[in-house]
Protein chains: 2
Amino acid sequence: MSTPAASLPELPAGGEPLRFRPLYGQVYESLLKRIAGGEWRAGEALPSEQALAAQLGVSQGTVRKALDALALDKMIDRRQGKGTFVAELTQEQALFRFFRLTRADGERAVPSSADETLKLRPARAVEQRALGLAPDEEVIEILRTRVLDGRPTMVERVVVPAAVFPGLERLAPLPNALYALYQREYRINIAAVDERLRADAARREDVRRLGVVLGAPLLQIERVARTVEGRVVEWRLSRCDTTHLSYAVTLS
Amino acid sequence: MSTPAASLPELPAGGEPLRFRPLYGQVYESLLKRIAGGEWRAGEALPSEQALAAQLGVSQGTVRKALDALALDKMIDRRQGKGTFVAELTQEQALFRFFRLTRADGERAVPSSADETLKLRPARAVEQRALGLAPDEEVIEILRTRVLDGRPTMVERVVVPAAVFPGLERLAPLPNALYALYQREYRINIAAVDERLRADAARREDVRRLGVVLGAPLLQIERVARTVEGRVVEWRLSRCDTTHLSYAVTLS
DNA sequence: GAGTGGTCTAGACCACGCA
DNA sequence: GCGTGGTCTAGACCACTCT
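Residues numbered from 1 in each chain as written. Chains lettered and ligands numbered in written order. Predicted model: local features only at pLDDT ≥ 70, side-chain atom pairs only at ≥ 80, totals over all residues. Heavy atoms only, no water.

Caption draft 1: Representation of the interface of chain B and chain A. Contacts between the two partners involve 35 residues from chain B, matched on the other side by 35 residues from chain A. With both sides pooled, the region where chain B packs onto chain A buries about 2600 Å², and carbon together with sulfur makes up 51% of that total. For the pair chain B and chain A, the interface holds 0 salt bridges. At the boundary of chain B and chain A, one finds 26 residue pairs in polar contact (both at pLDDT 80 or more). Of all the elements in the fold, those that place two or more residues in the side of chain B that touches chain A are strand S3 (101-103), strand S7 (190-201), strand S8 (217-227) and strand S10 (245-251) of chain B. In terms of residues, the side of chain B that touches chain A owes the most to one element, S7(B), which gives 11 residues. Here the side of chain B that touches chain A is built from residues that sort into 17 nonpolar, 8 polar and 10 charged. Relative to S10(B), strand S7 (residues 190-201) of chain A is paired through 5 bridges, and the arrangement is antiparallel. Its bridge partner lying in S10(B), A:Asp194 is registered against B:Thr250. (Contact = heavy atoms within 4.5 Å. Buried area = accessible area lost by both parts, 1.4 Å probe. Salt bridge = Lys/Arg side-chain N within 4 Å of Asp/Glu carboxyl O. Polar contact = N/O pair within 3.5 Å; in protein donor to acceptor, adjacent residues only side chain to side chain. Helix = DSSP H or I, 4+ residues; strand = E, 2+ residues; numbered from the N terminus. Nonpolar A, V, L, I, M, F, W, Y, C, P; charged D, E, K, R; others polar. Pairing = 2+ DSSP bridges.)

Caption draft 2: Spotlight on the pattern of salt bridges. All names here are of chain B. Taken as a whole and judged by the stated rule, the model has 52 salt bridges over all chains. The salt bridge involving Arg144 is made with Glu116; its shortest N-O contact spans 3.8 Å. Of the two residues, Arg144 is situated in strand S5 (residues 138-148) and Glu116 in strand S4 (residues 111-122); the sequence distance between them amounts to 28 residues. When its relative accessible area of 0% is taken as the criterion, Arg144 is described as buried. (Buried < 20%, exposed > 50% of the residue type's maximum accessible area, 1.4 Å probe, protein only.)

Caption draft 3: Broad picture of the relation of the copies chain B and chain A. In the superposition of chain B on chain A (RMSD 0.1 Å, axial shift 0.0 Å), the rotation amounts to 180°. This pairing of chains is accounted for by a two-fold axis. When C-alpha positions in chain B are compared against the rotation axis, the closest is assigned to B:Pro217, at 2.3 Å. With an isologous cut-off of 70% or more, the 100% of interface residues of chain B that recur at the interface of chain A puts this contact in the isologous class. (Least-squares fit on C-alpha atoms with pLDDT ≥ 70 in both.)

Caption draft 4: Fine view of the protein's contact with DNA strand D. Taken together, 22 residues surround DNA strand D, and among them A:Leu23, A:Tyr24, A:Ser59, A:Thr62 and B:Gly81 come closest. Near the protein, meaning within 4 Å, the atoms of DNA strand D are sugar or phosphate in a fraction of 75%, with bases accounting for the rest. Within the residue set of the surface near DNA strand D, elements represented by two or more residues are helix H1 (23-36) and helix H3 (60-72) of chain A together with strand S1 (76-79) and strand S2 (83-86) of chain B. When its residues are assigned to classes, the surface near DNA strand D shows 6 nonpolar, 9 polar and 7 charged. (Near = heavy atom within 4 Å.)

Caption draft 5: Up close: the layout of surface pockets. All names here are of chain B. Taken as a whole, the second largest pocket spans an internal volume of roughly 760 Å³. Ala42, Ala87, Glu88, Gln183 and Asn189 are, among the 32 residues lining the second largest pocket, the residues nearest its centre. Contributions of two or more residues to the lining of the second largest pocket are made by helix H1 (23-36), S1, helix H4 (91-97), helix H6 (178-186) and S7. Class assignment for the residues of the lining of the second largest pocket results in 15 nonpolar, 7 polar and 10 charged. The two domains that each donate at least three residues to the lining of the second largest pocket are domain 1 (23-86) and domain 2 (91-247). (1 Å grid on protein atoms, 1.4 Å probe; cavity = no way out; pocket = protein on both sides within 12 Å on 5 of 7 lines; lining within 4 Å. Points joined across faces, edges and corners; volume = space filled by probe spheres on them. Domains from an automatic or database assignment.)

Caption draft 6: Highlighting the environment of B:Val155. Residues and elements named next belong to chain B. Its place among the elements puts Val155 in strand S6 (residues 151-161). Each C-alpha atom, one on Val155 and one on Asp105, is 23 Å from the other, the two residues being 50 residues apart in sequence. Look past the residues within four positions of Val155 in its chain and what remains in contact with it is Arg144, Asp206, Arg209, Leu210, Leu237, Ser238 and Arg239.

Caption draft 7: Representation of the domain arrangement of chain A in the model. Residue and element names in this part refer to chain A. In terms of domain boundaries, chain A breaks down into domain 1 (23-86) and domain 2 (91-247). For the domain 1 and domain 2 pair, buried surface summed over both sides reaches about 510 Å², with 56% attributable to carbon and sulfur atoms. Where domain 1 packs against domain 2, one counts 0 salt bridges. The interface formed by domain 1 and domain 2 contains 0 residue pairs in polar contact (both at pLDDT 80 or more). Here the residues of the side of domain 1 that touches domain 2 are counted per class, giving 4 nonpolar, 1 polar and 2 charged.

Take a look at the structure:
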């Protein structure tokens, strides 16, 4: 667990001769834990750089470097003249930050949902592996059709551990942006998602939900979503009709 | 053109009341131009921070901030104790940095090429648009089958402006990693690629090259590759059999 | 005007690579 | 042991937001 944080130098590998660990890295970890622990809620301001420096007994420059790293990792928002705030997923950010389907003209399409069903059931083998669950643990399955530009475009199956999201099945109908809900209702912040894409032929369920012909090529996206601490809290399988939309990503 | 650089604050929008521009941003631009202009070749060392600071008449801290930003944008490599070097695409980096196909176990598959053909021909409309070419400009088309784990997996069509890569058609057979070749032979550095993915049914050419059945679902990847200055110098269309591999990406 | 983050400087010291 | 980049500090001043 505990992702080394993209913005920080790599941690020492296992069994090393005890490597150097910079001060600002410790400040980073300390602040990260306090944020994750809920000391400040999403949207709330942290103490000022000066205050944190005094509190932690380090210079302002060191605090600044830790805060810069936290901002790079999207844990906080810094606003000149105002302060430093715990990052908040607005409905809009939650929709677009992890949603890559775009129209041919490059505009992001806004999804809505239809035919949503929720189920509480035991985890399947693949879900156990992906979510790191013990045998017999229960999951909540959300099955829904996503509509873009008025067309049913995507069949989405979302699976989360019931223990992590207790009572989620009673919150239906669910909002469009699940990750904002995770944050608001369960204080769980999705920090990154790993996606695996492949092409697959439409099955009967796809035909029924999307109106495509049997065997039509669909883009299948398998996703696991992780918190800052590296805990996997969601597994998701989406099957998309890419006739009018495509999955856009920039690699650098 | 001139991407504002991911690591720098946003540039003033058009027609603004003349906004503040930090010193380190100017240093960044200055060094970027000197690197792009070939003052130091790929792999060569830049002057030390101290030397640059003296040369530019700013403090070492300001130079450092500019160099940090350049490193973030993968323009330079910094090595403690050694120096600062213009980023170099090794054959391996070039292959993996922009290549997302991975095996089920998460290991990156190493591609090789087969059935390569090169052609010099006028640009088609779609290529003119993507590459920003004038009518009647010529392009070089590379058509090849990519083999992964011993299986023909991908049909790849690479199209580049003939004016940008003069004589490329005489360099066949081309190496596996084209971007290392672009850098070595033409001093063109690919900084980022934009990819658009969709699912499509296998056509006759796919059947012949990949051995899939007609209509089988393929993952189609359309790519444009950009230099640091934002110039699009390559357009690429890949069609992949994702039976044994998938396209993996992390969003954060 | 007070308070915040952002920039810039100058200098000390540390970790690392190499000869 | 020297030169490099990396860390840490202390302080001055600037740009921005709000009252």
